[in-house]
Amino acid sequence: MKRRGQSYVAAMLAIFVAFVALLATLPSVVPLTAVADKVDTALLSVNETLKGCCAHASSEAWKAFYSGKTGGETGATAGAADRFLRCWRTCSSLIQGYYGWLVSGEPSFEHGGSTLTCKAELSVSKRGTTSKLKWVKSIEMSIVNGETAIKGDFPNKYLEINFILKGVKPPYVLVEVYFLDVQGSEVYLRNVWKGYLLPVSAEGGAFKYSVRVLIELKYFARGGTLQYVVKASDDTGACVWVEGSADLGGG
Amino acid sequence: MGLRRGQLRVIEAAVAGVLAIIVLATASRLAYPRTAYVGYSDHASEAAAILKALADRNALCRTVYSPDGSVAGDALRAAVEGFLPPGRGYRLSVSRLDAGKAVEIYVFESGNFALEKASSSYVILSGCNGVFEPRMVVLSVSGGG
């Protein structure tokens, strides 16, 4: 009798374990519980348009830098701030029109090549209710001195660039490397390392990356210094870059 | 021995009862998140929550502005469907906002979309990857499923 009782309990336990295992292995569906029930899409539009305008203006700053380099003039990024404001004014009037919000306050854009800061402190009002909105995006890039140099044995010498990025968001950052190529009176920025996606594992931290770029023999034939530009863009297209140089002398 | 057998039966019944309660509690706990889809007050809120989830993952930027300038419709649909319960009807459209006009450049409507039961939410984007071209994404969700 006692044995029958034990086997009854064991059977119940087995059924329980099997049932739990079945439930646990069923395909689970990700619930949207992490998202607030009431999402203000007007606010979402403000955020998204600011993000897009920041990327647009930084891209314009890159174009100005690029043409400045290849044209032999100093790259000017001042026009990018105007592009940012123009973009934002267009978008804020659209938001006003489609949502009936009154958006006041002007965001700011600063691009120093290796630093990008887009900021906004806005007042948004609807039906007499006014609320403040703060938004900021900041990316910073720097070369690690002492760890960036031409390495390897001739003819397979490569440029190892170590750099730090701050403010980029997961999942990735797009990195490109350009070499300044002077041919007579013409100056080119050669894209020698095209669009590699480097991972970003967490938001808000500073990440150190190391890239290696093989150097063509023609650069050694010319001698002197190798000038390079490393450009990093986040997944919205907002970009920063750093310039550097390395001695080619040793051959 | 009789007394012991009686005691054993009581213990058996108690253990069985406890196990049954544990099974039911565990089952309800495991099964609960599957119904969390319907935790929205209305379809407009559900659509807004989906748009926000996509924006947070930068999926709107990447799919509404593909590298060739068009809308990556399949990717956008897949992203939306990832947040919708199976069988829910929806309509998704992307319009270019230009000179005070909204010109629809992409539209998809699921087979079970019911316009008369639908509610919508929309988001305005300025561009992506350096492109400046304001576009509006409208997601309408209707009952079903």
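Remarks on the sheet that holds strand S4 (residues 135–142) of chain B
Residues and elements named next belong to chain B.
Phase 1: Strand order in the open sheet formed by 4 strands is S2-S1-S4-S3, and the pairing between neighbours is antiparallel. Two strands lie at the open edges of the sheet, namely strand S2 (101–109) and strand S3 (119–125), each paired on one side alone. Each neighbouring strand pair of the sheet contributes to a mean axis angle of 20 degrees, computed without reference to strand direction.
Phase 2: Packed on one face of the sheet, helix H2 (residues 43–56) meets S3 and S4 and runs near 30 degrees to S3.

Brief notes about the sheet that holds strand S11 (residues 239–247) of chain A
All names here are of chain A.
Phase 1: Strand order in this open sheet of 4 strands is S8-S7-S10-S11, and the pairing throughout is antiparallel. If you trace the sheet from one side to the other, it starts and ends with strand S8 (186–199) and S11, each paired once. Recorded for the sheet is a direction-independent mean angle of 20 degrees between the axes of neighbouring strands.
Phase 2: The pairing of strand S7 (residues 172–183) with S8 spans 11 bridges and is classified as antiparallel. By the bridge assignment, Asp181 is partnered in S8 with Tyr188.
Phase 3: Sheet strands in contact with helix H2 (residues 41–70) are S7, S8, strand S10 (225–233) and S11, and its direction is about 145 degrees off that of S8.

Re H2 of chain A
Phase 1: End to end, H2 of chain A covers 43 Å across 30 residues, agreeing with the expected 44 Å (1.5 Å per residue, within 8%).
Phase 2: Of all 30 residues in H2 of chain A, 22 are buried, a share of seventy percent or more.

A word on the domain arrangement of chain A
All names here are of chain A.
Phase 1: One can read the domain layout of chain A as domain 1 (41–140) and domain 2 (142–247).
Phase 2: The partner domain 2 presents 17 residues to the 18 residues of domain 1 that form the contact.
Phase 3: Elements with a contribution of two residues or more to the side of domain 1 that touches domain 2: H2, strand S3 (115–126) and strand S4 (129–143).
Phase 4: Among the elements that make up the side of domain 1 that touches domain 2, the one with the highest residue count is H2 (9 residues).
Phase 5: Looking at the side of domain 1 that touches domain 2 residue by residue, the class counts come to 6 nonpolar, 8 polar and 4 charged.

Thresholds, definitions, all that
Residues numbered from 1 in each chain as written. Chains lettered and ligands numbered in written order. Predicted model: local features only at pLDDT ≥ 70, side-chain atom pairs only at ≥ 80, totals over all residues. Pairing = 2+ DSSP bridges. Helix = DSSP H or I, 4+ residues; strand = E, 2+ residues; numbered from the N terminus. Axes fitted to C-alpha atoms, helices over the stretch in contact; angles between N-to-C directions. Contact = placed C-beta atoms within 7 Å. Expected span 1.5 Å × (residues − 1). Buried ≥ 20, exposed ≤ 12 C-beta atoms within 10 Å, placed from the backbone. Domains from an automatic or database assignment. Nonpolar A, V, L, I, M, F, W, Y, C, P; charged D, E, K, R; others polar.

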